[in-house]
Amino acid sequence: MKFGHVFKETLRNEGFPPEWVDSAISYSQLKKCINRLTDELAQVGLNPSTLGTLLKQVEDYNASTEQNDDQDRPFEYILAGDDSAGLPREHRKPFHPKLLFYVDEATGEVHSAKLDEDTRSKLQMLAVATGVSQLRVYEEPDQQSIASKDSVDPPSPPGGVNSASGIRKRPGYRTVEIPLTSDTEFFAKLTSQLSGLEALQDKEEKRMHAQIEELGKQVAHLTDPDKRLNKKLIPVWRQIFQIYIESGIFFGTTERDHKAHDADKAAQRFLEFSDKIARQGLVEKFKKPESLQALNSFMHVNREILQGLRFGQINHMAMLKILKKFDKQTALGVKSTFPKQIEFPEFSEHLAKAVCAEVNTQVISHVPLLDDYSCPMCMELKWRPVKLRCGHVFCIRCLIVMQTNKQHKCPLCRELTVVDANSANLDLELADFLKKWFPDEVKAKQKYNELMAGIDQYGEVYKEKCNVM
Amino acid sequence: MALSKRIIKETQRLAEDAVPGISAVPHDDNLRYFDVTIDGPSQSPYEGGVFKAELFLPDDYPMTPPKIRFLTRIYHPNIDRLGRICLDVLKSNWSPALQIRTILLSIQALLGAPNPDDPLANDVAQAWKQDEQAAIATAREWTEKHAKP
Ligand SMILES: [Zn+2]
Ligand SMILES: [Zn+2]
C-alpha cells in the first residue's frame with residue numbers, strides 16, 4: 001500500500017482529535033507541489049536523471065579534496081535560511097531554496113560538458129535572458145558578513161568556496177538562478193506545518209499538565225494515610241503503581257531495554273499493564289466511585305500519551321517520506337540536508353518524556369513504594385530504621401546481625417559506622433512515616449524481628465515454642 | 001531454613017532484568033544453588049566462549065559472600081585448575097550490600113582484565129608474565145577447546 005494512503009487511513013482511524021488531524025502534515029498537498037516542481041524543471045530541460053547526474057557531480061566535487069577543478073561543477077542547490085536555524089521558529093527566515101547554475105559571463109554558455117544539446121540550449125536561453133526577463137542573478141552574499149559555521153573547512157582562498165552558502169565565485173562566470181516557485185512553496189508549506197505541529201504540542205502539553213495536576217490532587221486525597229477510610233485502598237494504589245513502574249510502558253527499565261519505546265511497543269506494554277491489574281483483581285477492590293474515577297483518569301492520561309506518541313511518529317514518518325519523494329522526483333537531494341535545517345518537533349518522545357515525568361512526580365509519588373523503603377541488606381521494609389553515622393539506613397535486625405558478625409563497616413560506603421551504632425541511631429521520624437504508610441509491612445517485620453531476637457537469646461528451640469503458642 | 005526475601009528478590013531480578021552475557025538460574029530443589037553462565041568478554045581471549053560456573057549462597061548470606069567456582073576449564077591467572085577464583089570482592093572485600101549480579105559482573109570484568117600480579121594459578125600467572133602473547137594464545141585455544149557452546 002502507498003504511504004499516502006496508509007497515512008490518511010491512520011489519521012482517520014486512530015481516533016485522533018479533529019484538531020490534530022487538521023494539523024497533520026498534508027502529504028497529498030506536498031505531493032502536488034512536487035509534481036508541479038517536476039514540471040517546472042522539465043520546462044528548462046532538467047528531468048530528474050539529468051539533474052541527478054549534475055548534482056552527483058557537485059557532490060563528488062565537494063567530497064574530493066582537490067578543489068581546483070571547476071570544470072565539472074555546473075549546479076548548486078541551496079537550502080537557504082540556514083543562518084536562522086538556531087532561532088525560535090517564529091523568528092526564522094522563510095525558506096527560500098535556490099537552484100543555481102554557472103554560465104559564462106560573456107556568452108551565457110552553460111558550464112558543463114555533460115548536458116545534452118536540448119537542455120544546454122534551454123539553459124543558455126535562460127541565461128542570455130538574464131536582465132531582460134524574470135531571471136534573477138543570484139547576488140553573492142558578502143563573504144565577511146557570513147559567520148563561517150563549518151569551521152572544519154580551511155579558510156576559503158579568494159574566490160573559493162564560501163563555506164556558509166556553498167557558492168563559489170569564479171572569474172568570468174556568474175551564477176544564474178533557475179526560476180522555480182514550487183520548491184519554495186513546498187518548503188514554506190512543510191515548515192509552516194512543522195510550526196503548527198510544534199504549537200499543537202505545546203498546547204497539548206499544557207492541557208495534559210493541568211489534567212495530571214488534577215489527577216494528582218485526587219490521588220493524594222484518596223491515599224491520605226490520615227484518613228481511616230483510605231487504609232484499605234493505599235495498598236491497592238501502591239500495587240497498581242508498582243506494576244505500572246515495572247511495566248516500563250514508555251521507557252524500558254531493564255539492562256537490556258532502557259530506551260524510549262515506539263508507539264507500538266508502548267501500546268503493547270500498556271495493554272500488558274492493564275491486563276495485569278485486571279488479572280490481580282485490583283480494579284474490583286475500588287468500591288468507591290471516586291477511586292474508580294481516579295483510576296480511569298490515570299488510564300486515560302496514559303492513553304493520551306500513547307496517542308501523542310503515535311501521532312508524532314506517523315507525522316515524522318510522513319515528513320521523511322515526502323522528502324524522499326521530493327528527492328526521487330527532482331533529484332535535488334534535500335532529504336539529508338533538510339532535517340538539519342529545521343528539525344522535526346519531537347512531539348512523540350518529548351511529550352512522552354515530559355508527561356511521564358509529571359505522572360511520576362504528581363501522581364505516583366503520592367504513594368510511597370516499598371522498594372524505596374527497603375533495607376539494602378534484607379530487602380524487606382527497613383523496620384525499625386537505624387541511621388548510621390554515614391547516613392545509610394538499615395533495619396535494626398540487620399544492624400544486630402552485622403554487629404554480632406563483626407561486620408564493622410557500613411556495607412554501602414565501607415565506613416566504620418556499624419560498630420558504634422546504638423539505640424540513639426534509631427530514626428524516629430522515618431519510623432513514624434513507615435508506620436503510617438506501611439502498617440501491614442511494619443507489623444509483619446516487627447513480628448519477624450521479635451522472633452529472631454528470641455532465637456538469638458534462647459536458640460532455635462524458641463522458634464518451635466513460639467509456633468506452638 | 002526459609003529463603004529470605006532478599007534471595008527471592010535477587011533471583012527474581014536476575015531472571016526479569018538479566019545482565020547481557022550473564023545468566024544465573026537456581027536449582028528447583030535447592031534455591032540457594034545456581035547454575036551460572038558467563039560469556040567471555042569481547043576483545044578478550046575468552047571471546048566467543050560460554051563459561052559455566054556454580055554458585056552457592058551459604059546460610060549466613062549476605063553476611064558471607066556467595067561461593068562460586070568455574071566448571072568450564074579456563075586458562076586465566078586468577079582462576080585455578082579447580083575453577084576457584086581469586087577476586088577481592090569474593091573474600092576480604094565482600095560487603096553485604098553486594099549481590100549475585102554485581103559479583104557475576106566483577107567476574108566477567110576479571111575475564112576481560114586478567115591480573116597476573118595477584119595470581120591464584122601460579123603457573124598460569126608465571127606464563128602470563130613471561131610471555132603475554134603466548135599466554136593469550138593459550139587462553140584462546142582453551143576457550144576454543146572447552147568453552148564453545
Ligand atoms: Zn534489613
Ligand atoms: Zn554508609
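Residues numbered from 1 in each chain as written. Chains lettered and ligands numbered in written order. Predicted model: local features only at pLDDT ≥ 70, side-chain atom pairs only at ≥ 80, totals over all residues. Heavy atoms only, no water.

Chain B carries the name E2 ubiquitin-conjugating enzyme in an unreviewed UniProt entry, which gives Melanomma pulvis-pyrius CBS 109.77 as its organism. UniProt annotates chain B under Sequence similarities (unreviewed entry) with the comment "Belongs to the ubiquitin-conjugating enzyme family." (UniProt positions renumbered as here; feature names shortened; annotations may be inferred.)

Chain A has the name RING-14 protein-like protein in an unreviewed UniProt entry, where Melanomma pulvis-pyrius CBS 109.77 is given as its organism.

Asks: If you had to explain the coordination of the zinc ion (ligand 2) to someone new, which residues and values would you point to?
Replies: In ideal tetrahedral geometry, four donors around a metal make angles of 109.5 degrees, whereas ideal octahedral geometry with six donors gives angles of 90 or 180 degrees. Residue and element names in this part refer to chain A. Those donors, Cys-390 (SG), His-392 (ND1), Cys-410 (SG) and Cys-413 (SG), are the protein atoms that reach the zinc ion (ligand 2), and they lie 2.0 to 2.3 Å from it. If you look at the zinc ion (ligand 2), its four donor atoms make angles of 106 to 115° with each other, and the shape they trace is tetrahedral. Taking the relative accessible area as the measure of exposure, Cys-410 reaches 1% and is therefore buried. Since its relative accessible area comes to 30%, Cys-413 is described here as partly exposed. (Donors = N, O, S within 2.8 Å, 3.2 Å for Na, K, Ca; no water. Tetrahedral: all angles 85-135°; square planar, octahedral: opposite > 155°, others 65-115°. Buried < 20%, exposed > 50% of the residue type's maximum accessible area, 1.4 Å probe, protein only.)

Asks: Break down helix α3 (residues 27-43) of chain A for me, with residues and values.
Replies: Residue and element names in this part refer to chain A. A rise of 1.5 Å per residue sets the reference length of α3, with its 17 residues, at 24 Å; its end C-alpha atoms lie 25 Å apart and thus fit the reference within 8%. Residues of α3 that are buried include every one of Tyr-27, Leu-30, Cys-33, Ile-34, Leu-37, Thr-38, Glu-40 and Leu-41, and no others. The buried residues of α3 occupy an angular sector of 160° when projected down its axis, which confines them to one face. Looking one or two residues beyond α3, the residue adopting positive phi is Gly-45, at roughly 85°. (Helix = DSSP H or I, 4+ residues; strand = E, 2+ residues; numbered from the N terminus. Expected span 1.5 Å × (residues − 1). Arc of directions from axis to C-beta.)

Asks: Account for the coordination of the zinc ion (ligand 1), with residues named and values stated.
Replies: Residue and element names in this part refer to chain A. Each protein donor to the zinc ion (ligand 1) is listed here as Cys-375 (SG), Cys-378 (SG), Cys-395 (SG) and Cys-398 (SG); together their distances run 2.3 Å. For the zinc ion (ligand 1), the four donor atoms in the first shell make angles of 103 to 123° at the metal, so the coordination geometry reads as tetrahedral. Summarised as a motif, the one-chain spacing of the donors to the zinc ion (ligand 1) is C-x2-C-x16-C-x2-C. With a gap of 20 residues between them, Cys-378 in the loop between α11 (347-363) and β4 (385-387) and Cys-398 in helix α12 (residues 396-404) connect regions that are remote in the sequence. In this structure Cys-378 comes out as buried when scored by relative accessible area, which is 12%. Its relative accessible area of 6% is what places Cys-398 among the buried residues.

Asks: Any details on the nonpolar core? Residues and values, ideally.
Replies: All names here are of chain A. Of all hydrophobic cores here, the largest spans 48 residues; its most connected members are Trp-237, Ile-240, Phe-241, Phe-250, Phe-273 and Phe-298. Taken together, the elements giving at least two residues each to this core come down to α6 (182-222), α7 (234-247), α8 (263-279), α9 (289-330), α11 and α13 (428-437). With eight residues, α9 is the single largest residue contributor to this core. Taken together, domain 2 (219-367) and domain 3 (372-468) each give at least three residues to this core, which thus spans both. The residues contacting Phe-298, other than those within four sequence positions of it, are Leu-215, Phe-241, Tyr-244, Phe-273, Val-359 and Val-363. With 43 residues, the next largest nonpolar core counts Trp-20, Ala-24, Tyr-27 and Leu-194 among its residues. (Core = buried A, V, L, I, M, F, W, Y, C linked by side-chain atoms within 4.5 Å. Domains from an automatic or database assignment. Contact = heavy atoms within 4.5 Å.)

Asks: Quick one: what's the story with the sheet that holds strand β2 (residues 33-39) of chain B, residue by residue and with numbers?
Replies: All names here are of chain B. Pairing is antiparallel across the open sheet formed by four strands, whose spatial order is β1-β2-β3-β4. A strand with exactly one partner marks an edge of an open sheet, and here the two such strands are β1 (22-26) and β4 (67-70). Averaged over neighbouring strand pairs, the angle between their axes works out to 20° when direction is ignored. In this sheet, strand β3 (residues 50-56) lies alongside β2 in antiparallel orientation, the contact comprising seven bridges. Residue pairing in the sheet places Val-36 in a bridge with Ala-53 of β3. Contacts between helix α2 (residues 100-112) and the sheet are confined to β1, β2, β3 and β4, with β2 contributing the most and set at about 35° to the helix. (Pairing = 2+ DSSP bridges. Axes fitted to C-alpha atoms, helices over the stretch in contact; angles between N-to-C directions.)

Asks: Before we move on, can you summarise the UniProt feature "domain: RING-type" (unreviewed entry) in chain A with the specific residues and values?
Replies: Sites flagged by UniProt as "domain: RING-type" (unreviewed entry) map to residues 375-414 of chain A. Secondary structure over residues 375-414 of chain A splits into 22% helix and 15% strand, and the C-alpha atoms at its two ends are 16 Å apart.

Asks: A description of the pattern of salt bridges should follow, citing residues and the corresponding values.
Replies: A side chain with one charge can pair with a side chain of the opposite charge if their charged atoms come near. Enumeration over the complete set of coordinates arrives at 20 salt bridges over all chains. Glu-10 of chain B serves as the salt-bridge partner of Arg-6 of chain B, at 2.9 Å between the closest nitrogen and oxygen. Here the residue Arg-6 of chain B and the residue Glu-10 of chain B both occupy positions in helix α1 (residues 5-16), the gap between them amounting to four residues, near one helical turn. One salt-bridge network, in which partners are shared between bridges, spans Glu-14, Asp-264 and Arg-310 of chain A. (Salt bridge = Lys/Arg side-chain N within 4 Å of Asp/Glu carboxyl O.)

Asks: Outline the pairing of β1 of chain B, supporting the account with residue identities and numerical values.
Replies: All names here are of chain B. Sheet analysis places β1 next to β2, joined by five bridges and oriented antiparallel. When the sheet's bridge partners are listed, Pro-26 is paired in β2 with Phe-34. Where β1 hands over to β2, the hairpin turn is made up of six residues, counted between the paired strands.

Asks: Please provide a residue-by-residue account of the packing of aromatic side chains, values included.
Replies: All names here are of chain A. Going through the model one piece at a time under the given rule, you end up with 24 aromatic pairs over all chains. On the basis of an interplanar angle of 45° and a centroid distance of 5.1 Å, the ring pair of Trp-20 and Phe-311 is categorised as tilted. With Trp-20 in helix α2 (residues 18-23) and Phe-311 in helix α9, this pair connects stretches of sequence that are 291 residues apart. Phe-311 shares its class with Trp-20; the two are buried. (Phe/Tyr/Trp six-rings, centres within 6.5 Å; stacked < 30°, edge-to-face > 60°.)

Asks: I'd like a description of the interface of chain B and chain A, backed by residues and values.
Replies: The interface of chain B with chain A comprises 20 residues on the first partner and 18 residues on the second. When the two sides are added together, the surface that chain B and chain A hide from each other amounts to roughly 1,600 Å², 55% of it contributed by carbon and sulfur. Ranking the residues of chain B by area buried against chain A places Lys-5, Arg-6 and Met-63 of chain B at the top, with a combined share of 32%. Joining chain B to chain A, the criterion identifies one salt bridge. At the boundary of chain B and chain A, one finds five residue pairs in polar contact (both at pLDDT 80 or more). Sorting elements by how many residues they give to the side of chain B that touches chain A places α1 of chain B first, with five residues. In the side of chain B that touches chain A, the residues fall into nine nonpolar, four polar and seven charged. (Buried area = accessible area lost by both parts, 1.4 Å probe. Polar contact = N/O pair within 3.5 Å; in protein donor to acceptor, adjacent residues only side chain to side chain. Nonpolar A, V, L, I, M, F, W, Y, C, P; charged D, E, K, R; others polar.)

Asks: Lay out the pairing of β3 of chain B in plain terms, naming residues and giving numbers.
Replies: For β3 of chain B and β4 of chain B, the ladder comprises four bridges, and the chain directions are antiparallel. Within the sheet, the bridge partner assigned to Glu-54 of chain B lies in β4 of chain B and is Arg-69 of chain B.

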